[in-house]
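# Fold and geometry: a report
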Amino acid sequence: MAEVTLFSRAKEIIPGGVSSPVRAFGSVGGDPVFIREARGAHVVDVTGRDFVDLVCSWGPALLGHAHPEVVEAVRAAAGRGLSFGAPTLAEVELAEAIRARVPAAEQVRFVSTGTEATMTAIRLARGATGRDAIVKFAGCYHGHSDALLAAAGSGVATQGLPGSAGVTAAAAGDTIVVEYNDLDALTRVFDEAGDRIAAVITEAAPANMGVVPPAPGFNAALRELTARHGALLIVDEVLTGFRVGPGGWLGLEGGYQPDIVTFGKVVGGGMPLAALAGRAEVMQLLAPVGPVYQAGTLSGNPLATAAGFATLRLADDAVYAHVDRRSVELQAAVAEALGAASVPHTIQAAGNLFSVFFREGAVANYEDAKDQDTEAFARFFHALLDDGVALPPSAFEAWFLSAAHDDEAMGRITDALPRAARAAAHS
Ligand SMILES: *Cc1c(COP(=O)(O)O)cnc(C)c1O
């Protein structure tokens, strides 16, 4: 197969053959699929094989791949120049569109990746409070900055790593890790160290250890506890923002206001763009107004802002209703297939995001999430891939749908599920 050759060639020149670890199929085995192009609900590999895609670029492709109007917006922007290193009208329009959907985003600063957004949010919280420590939850992933790699989800979870080599003891020591959904543990941490804590950072609804929704009232309790101790609340909506609904998870849940909220993935429409946003008083601490430094040569890039703005403009109520409906249908089909094959499983959802844990019983935190049959998942994954359905190559990731997942795409998935479920059942 040509891909074997290409993977070997890639590994000669790129560590692991990939630009981001989870793409290497490490936890499911086999060689990764090299993609040549993508359109709608489909991706096509370098040999011409077509797959119905449930990765959607790990979230950004809410409208489906290569939506003609988004591509045209990028093409038109490219014709006017690729990067200026100067402010643009398009940035202002995109920032206004974000604020219109997320009232907590009083001011917005654009960066290029979710990692930069959360890294800057942490620096901003430290600058605002004059404190060093931050609290994160085990299994939540916030990108790969030093402070946030401890007990992280996503690729770190997929590879079973406790964190990362190369993070200094000092950086790790300023990060306090608490089990997710455990308010008692968090309260004890604040009782002991409350005057050292700059911020609590949380995924709005965690989806990087599989989907583990916050217990009712959990996020509101985080707001109350941080406010009481003079710490900031950072809600990371890089994955959920503009995907689970027009206003992200904050729009679905309501009732509390974070100090800082981070965006990425959908907000860039498939281009490298992310943002941090929040209370004007806090955001005004960023340079050039305030003393917290942050900058970027390609920040607010005109092609990326064009893709993001076109995506938000097109992501109307009908798009969210479609993705919500497809999500419910797919969850039902997966449950039926796994049930028929007697494969232990639990499906959890947060809005239209869902994931399948190969275990019995609810998953409330990272400990629960890790306690599943990842080998059954690997067999399930490969059976689907053989039948032209591309799942995220990890048991710890959400499945992503789009507005382009039509009856034909759904039909291919539901046709493939029974055989995949039987493969999962038999080791
Ligand atoms: C993907 C993700 C990030 C990191 O974004 P990158 O653009 O990959 O750096 C941060 N937080 C959450 C919740 C994410 O899902």
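Residues numbered from 1 in each chain as written. Predicted model: local features only at pLDDT ≥ 70, side-chain atom pairs only at ≥ 80, totals over all residues. Heavy atoms only, no water.

To continue, consider the sheet that holds strand S9 (residues 260–263). As summarised here, the arrangement of the 7 strands in space is S4-S10-S9-S8-S7-S5-S6, forming an open sheet in which the pairing is mixed. Strand pairing shows two members of the sheet lacking a second neighbour, strand S4 (107–111) and strand S6 (175–178), which therefore form its edges. Within the sheet, the average angular offset between the axes of one strand and its neighbour, ignoring direction, is 20°. Along the sheet, helix H8 (residues 218–228) contacts strand S5 (133–137), strand S7 (197–203) and strand S8 (232–236); its crossing angle with S8, the most-contacted strand, is approximately 150°. (Pairing = 2+ DSSP bridges. Helix = DSSP H or I, 4+ residues; strand = E, 2+ residues; numbered from the N terminus. Axes fitted to C-alpha atoms, helices over the stretch in contact; angles between N-to-C directions. Contact = heavy atoms within 4.5 Å.)

What follows covers the packing of aromatic side chains. For the structure on display, the rule yields 11 aromatic pairs. Ring centres of phenylalanine 137 and tyrosine 180 lie 5.5 Å apart, and the angle between their planes is 85°; on these two criteria the pair is classed as edge-to-face. Separated by 43 residues along the polypeptide, phenylalanine 137 in strand S5 and tyrosine 180 in the loop between S6 and helix H7 (183–193) bring together distant segments of the chain. Grouping residues by exposure puts phenylalanine 137 and tyrosine 180 together as buried. Summarising the aromatic geometry, the rings of phenylalanine 354 and tryptophan 399 are spaced 5.3 Å apart at their centres and angled 50° between planes, so their arrangement reads as tilted. Here phenylalanine 354 is found in strand S12 (residues 353–357), whereas its partner tryptophan 399 is found in the loop between strand S13 (389–390) and helix H15 (407–425), with 45 residues between them in sequence. For the residue pair phenylalanine 354 and tryptophan 399, the accessibility class agrees, reading buried in each case. Connected via pairs of aromatic rings, a cluster forms that spans Phe25, Phe354, Phe358, Phe377, Phe380, Phe381 and Trp399. Here lysine 370 stacks its cationic end above the ring of tyrosine 366, 4.4 Å away from the centre of that ring. (Phe/Tyr/Trp six-rings, centres within 6.5 Å; stacked < 30°, edge-to-face > 60°. Buried < 20%, exposed > 50% of the residue type's maximum accessible area, 1.4 Å probe, protein only. Lys NZ or Arg CZ within 6 Å of the ring centre and 35° of its normal.)

Where a strand is regular, its side chains alternate between the two sheet faces. Here S9 shows no split at all, with Ile260 and Thr262 on one side and Val261 and Phe263 on the other all buried. Across 3 bridges, the pairing between S8 and S9 is parallel. Each bridged residue has a counterpart across the sheet, and for aspartate 236 the counterpart in S9 is threonine 262. Bridging between S9 and strand S10 (residues 274–278) involves 4 bridges; their strand directions are antiparallel. Opposite isoleucine 260, over in S10, you have glycine 278 as the bridge partner.

Taken together, Thr113, Gly114, Thr115, Tyr141, His142, Gly143, Glu203, Asn208, Asp236, Val238, Leu239 and Lys265 are the residues near the ligand. Contact between the ligand and glycine 114: an oxygen atom at 2.8 Å from a main-chain N or O atom of the residue. Within the side chain of aspartate 236, one N or O atom sits 2.7 Å away from a nitrogen atom of the ligand. Partitioning the shell around the ligand into residue classes produces 3 nonpolar, 6 polar and 3 charged. (Near = heavy atom within 4 Å. Polar contact = N/O pair within 3.5 Å; in protein donor to acceptor, adjacent residues only side chain to side chain. Nonpolar A, V, L, I, M, F, W, Y, C, P; charged D, E, K, R; others polar.)

The next thing to look at is the pattern of salt bridges. Counted under the stated rule, the structure contains 15 salt bridges. As a salt-bridge pair, glutamate 72 and arginine 75 come within 3.5 Å of each other at their nearest N and O atoms. Separated by 3 residues within a single helix, glutamate 72 and arginine 75 lie in helix H2 (residues 68–79), roughly one turn from each other. When its relative accessible area of 43% is taken as the criterion, glutamate 72 is described as partly exposed. Across the salt bridge formed by arginine 325 and glutamate 329, the nearest N and O atoms sit 3.1 Å from each other. One end of the pair is arginine 325 and the other is glutamate 329, both in helix H12 (residues 317–340) and 4 residues apart, which spans about a single turn. Looking at arginine 325, the relative accessible area reads 44%, which means it is partly exposed. (Salt bridge = Lys/Arg side-chain N within 4 Å of Asp/Glu carboxyl O.)

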